[in-house]
2 protein chains.
Amino acid sequence: MKLTLINANKSFDGWLKQYTHVSRVLACEMRFSIFLPPQTARGQSVPVLYWLSGLTCTDENFVQKAGAFRKAAELGIALVVPDTSPRGENVADDEAYDLGQGAGFYLNATREPWSSHYHMYDYIVDELPTLIEESFPVLDIRSISGHSMGGHGAITIGLRNPDRYRAVSAFSPISHPTQCPWGQKAFRAYLGDDIAAWGAYDSSLLIQQAKVQLPLLIDQGGADPFCDDQLKPESLLAAAEEANYPVMSRYREGYDHSYFYISSFIDEHLAFHHSYLYPKA
Amino acid sequence: MKLTLINANKSFDGWLKQYTHVSRVLACEMRFSIFLPPQTARGQSVPVLYWLSGLTCTDENFVQKAGAFRKAAELGIALVVPDTSPRGENVADDEAYDLGQGAGFYLNATREPWSSHYHMYDYIVDELPTLIEESFPVLDIRSISGHSMGGHGAITIGLRNPDRYRAVSAFSPISHPTQCPWGQKAFRAYLGDDIAAWGAYDSSLLIQQAKVQLPLLIDQGGADPFCDDQLKPESLLAAAEEANYPVMSRYREGYDHSYFYISSFIDEHLAFHHSYLYPKA
């Protein structure tokens, strides 16, 4: 697998680098960003936090707007930020912002025209970490976080792969996608009408079956306009409580769905991940 | 003067607000952003740092990318971020990115077609602070900073109005615009062929005439692709030395011209400004 460096910026004594590569599971060229903290320049290999972004985002929103590098540099955590879907002229798309390119929902599509490229689940779980761990001075110690559609991705992927991640966190995740308009529209298109198949990508359902309890932090802004109709954090919290799955839940009064909210609390999430990525002896 | 609120986001326990208003000196509608730190919600009035942005920017680049709110909230500094030129269909423009809209150079144009709207100097020095101080819980204690074209704006405005600002800082400023392609092109268009008129907007010339020495911090990335041809910080530093004008100069090895560089050191600039905005008794 080959990486092509397209941008490099020094930041907080570390390096933000942007690459393209040909993805096998997505059958297209993909772009991602990686922040390598200063420890890597001194010969140290560091753990990795994967950040999954929300609808319409690319790898660039988080790196430009989250203000995460200061703390990641201090804590010695690499940040890997993939795109939100397969991309390109030959990749199926839709005019709507919530389906197709920019809206991969971190699942493996099984229905045409989506199933030939839309395998973001396999890309995030397997292909990308393999590529990252072959190519950069990082350990195979991972955690995962994300926002909105990416919060959904982080929690579902974490719950299904507790052996691959040390911790999961999410800002304003789509918490019960089988029961909200964004999720139902995407799942019907990508997975078909058989609702039984949708459960593999629904945090509120998956958490009830979890055999291993990964540390889980959920963050929600109190002035988030999508909270009631689309995100439904209370469904996930209720399901977790029923399943005796411990969740650290943070409610932020007055905060909305934007990166101005995320940036306010990203340090807290990085400290949370750090405590599991660098466990005390 | 009336303000129209168009966006509000809670961030770091303060508020980012974006407004439009009709500017008298620019004869058009203008937009700006203001970050009000949490102290203002507790009844305190705070000093203001004005941030002047670079070529092609609006009020949004800094607020989204600089990561300045965490420290501004901690220190109790309001941030006011104006646009970089007059705007609108009736405002003269040019196809190039370095002339016309997005490229006001913080001067008062004297040549048509620019002179009917392009009075960014008066807007920044007088009209905007008056509006801000009438409309928000802020003091008339100001400082000024900026990047690239905005660094040029901050230094020239600071040097010409030492009674109005407590301190000046700049990231990668255009330091000697009468002697670089960006400056010569803009000054010729806005001010005409009489080069004598250009000196009023050239930091390297103004610093030699300064009667009052404002605290001045200059920051320059060592891997900035515009440094040698356009920015010429060494001209300003040499002129300052000749004039016995003390400058705190910071050279950042490996850093470029981007907000990934600015965000790495914005805390240092905010602390610098804080020490003059909140002088110890």
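Preceding block: the structure.
Residues numbered from 1 in each chain as written. Chains lettered and ligands numbered in written order. Predicted model: local features only at pLDDT ≥ 70, side-chain atom pairs only at ≥ 80, totals over all residues. Heavy atoms only, no water.

## Quick look at helix H3 (residues 120–135) of chain B
At Glu127 of chain B, H3 of chain B shows its maximal bend, which comes to roughly 35 degrees, and the proline Pro129 of chain B appears one to four places after that position. Within H3 of chain B the residues assigned to the buried category are Met120, Tyr121, Tyr123, Ile124, Val125, Glu127, Leu128, Pro129, Leu131 and Ile132 of chain B. (Bend = angle between axes of the 7 residues up to and from the residue. Helix = DSSP H or I, 4+ residues; strand = E, 2+ residues; numbered from the N terminus. Buried < 20%, exposed > 50% of the residue type's maximum accessible area, 1.4 Å probe, protein only.)

## Brief notes about helix H9 (residues 259–277) of chain A
Residues and elements named next belong to chain A. Phe265 marks where H9 bends most, by close to 45 degrees. Counting buried residues in H9 gives 14 out of 19 residues, a clear majority hidden from the surface. For H9, the side-chain oxygen to backbone nitrogen distance between the N-cap and Phe260 is 3.1 Å, and the N-cap itself is Ser258. (Polar contact = N/O pair within 3.5 Å; in protein donor to acceptor, adjacent residues only side chain to side chain.)

## Considering the relation of the copies chain A and chain B
Mapping chain A onto chain B is achieved by rotating through 180 degrees and translating by 0.0 Å along the same axis, at an RMSD of 0.0 Å. Here the symmetry operator amounts to a two-fold rotation axis. Interface overlap between copies: 100% of the residues of chain A at the interface are likewise at the interface in chain B, consistent with a symmetric, same-surface contact. (Least-squares fit on C-alpha atoms with pLDDT ≥ 70 in both. Contact = heavy atoms within 4.5 Å.)

## Describing the pairing of strand E7 (residues 168–171) of chain A
Residue and element names in this part refer to chain A. Residue alternation in E7 divides its side chains into two sets, Val168 and Ala170 and Ser169 and Phe171, and both sets are buried. In this structure, strand E6 (residues 138–147) lies alongside E7, joined through 4 bridges in parallel fashion. Bridge pairing in E7 links Gly146 to Ala170. Crossover handedness for the path E6 to helix H4 (residues 149–160) to E7: right-handed. The pairing of E7 with strand E8 (residues 216–221) spans 4 bridges and is classified as parallel. Directly across from Ser169, in E8, lies its bridge partner Leu217. (Pairing = 2+ DSSP bridges. Right-handed = clockwise from strand over helix to strand, strands pointing away.)

## As for the pattern of salt bridges
Residue and element names in this part refer to chain A. Within this structure, the stated rule accounts for 24 salt bridges over all chains. Taking the shortest distance from any N to any O, the salt bridge between Glu268 and Arg250 comes out at 3.6 Å. Of this pair, Glu268 sits in helix H9 while Arg250 sits in strand E9 (residues 248–252), placing them 18 residues apart in sequence. Residues participating in the shared-partner salt-bridge network are Asp219, Arg250, Arg252 and Glu268. (Salt bridge = Lys/Arg side-chain N within 4 Å of Asp/Glu carboxyl O.)

## Describing the sheet that holds strand E2 (residues 14–23) of chain A
Residues and elements named next belong to chain A. Spatially, 9 strands are ordered E1-E2-E3-E5-E4-E6-E7-E8-E9 in an open sheet, and the strand pairing comes out mixed. Both outer strands of the open sheet, strand E1 (3–11) and E9, are each paired with one neighbouring strand and no more. Each neighbouring strand pair of the sheet contributes to a mean axis angle of 20 degrees, computed without reference to strand direction. Of the pairings in the sheet, the one linking strand E3 (residues 28–36) to strand E5 (residues 78–82) comprises 4 bridges and is antiparallel in character. Each residue of the ladder has a partner; that of Phe35, found in E5, is Leu79. The sheet strands contacting helix H3 (residues 120–135) are E1, E2, E3, strand E4 (46–52), E5 and E6, and the helix crosses E6 at an angle near 140 degrees. Lying over the sheet, H9 contacts E4, E5, E6, E7, E8 and E9, oriented at roughly 175 degrees with respect to E7. (Axes fitted to C-alpha atoms, helices over the stretch in contact; angles between N-to-C directions.)

## A closer look at the sheet that holds strand E1 (residues 3–11) of chain B
Sheet strands associate in pairs through backbone hydrogen bonding, adopting either a parallel or an antiparallel arrangement. Residues and elements named next belong to chain B. In spatial order, the strands read E1-E2-E3-E5-E4-E6-E7-E8-E9; together these 9 strands make up an open sheet with mixed pairing. At either end of the open sheet lies a strand with only one pairing partner, and these are E1 and strand E9 (248–252). Averaged over all adjacent pairs, the angle separating strand axes in this sheet is 20 degrees, with direction ignored. Across the face of the sheet, H3 comes into contact with E1, strand E2 (14–23), strand E3 (28–36), strand E4 (46–52), strand E5 (78–82) and strand E6 (138–147) while running at roughly 140 degrees to E6. The sheet contacts of helix H9 (residues 259–277) involve E4, E5, E6, strand E7 (168–171), strand E8 (216–221) and E9, and relative to E7 the element is tilted by about 175 degrees.

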